[in-house]
Amino acid sequence: MDAIQQHMIDSYRAAQHGELPPPPPGRHDWGVVREARDRRRFDAVIAGRPARRRRRTALRALFTRRRRTVRPGVPSRCGNSNSSGV
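Residues numbered from 1 in each chain as written. Predicted model: local features only at pLDDT ≥ 70, side-chain atom pairs only at ≥ 80, totals over all residues. Heavy atoms only, no water.

Caption draft 1: The pattern of salt bridges, seen in detail. Here the structure, examined in full by the defined rule, presents two salt bridges. Notably, a salt bridge pairs Asp38 with Arg37, separated by 3.9 Å at the nearest N-O pair. On the basis of relative accessibility, which here comes to 18%, the residue Arg37 falls in the buried class. Between Asp43 and Arg39 there is a salt bridge; the shortest N-O distance is 3.2 Å. (Salt bridge = Lys/Arg side-chain N within 4 Å of Asp/Glu carboxyl O. Buried < 20%, exposed > 50% of the residue type's maximum accessible area, 1.4 Å probe, protein only.)

Structure follows, in structure tokens:
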């Protein structure tokens, strides 16, 4: 029996007893994932370990280049100057 079939049976039983039907399957999945992540961070802090960032954010920070904006009048690191006086 899959989740949809179980939901249909639970909804039928709730209707027979005059109760509210249960939420559809998958409705609160992302909330459960966030709560598990928050709990893992909390446990890390209690254990004295640093609460680290999310893995995807950390990987993105490692593999993406920082984009520098060129500002007029400020020399770049390679020695070229954007100002017209040099």
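Caption draft 2: Expanded view of helix H2 (residues 29-46). Over its 18 residues, H2 runs 26 Å from end to end, which matches the ideal 26 Å to within 8%, given 1.5 Å per residue. Gly48 occupies a position one or two residues after H2 and carries a positive phi of about 90 degrees. (Helix = DSSP H or I, 4+ residues; strand = E, 2+ residues; numbered from the N terminus. Expected span 1.5 Å × (residues − 1).)

Caption draft 3: Just helix H1 (residues 3-17), in detail. A rise of 1.5 Å per residue sets the reference length of H1, with its 15 residues, at 21 Å; its end C-alpha atoms lie 21 Å apart and thus fit the reference within 8%. Two residues or fewer past H1, Gly18 is found with a positive phi of approximately 75 degrees.

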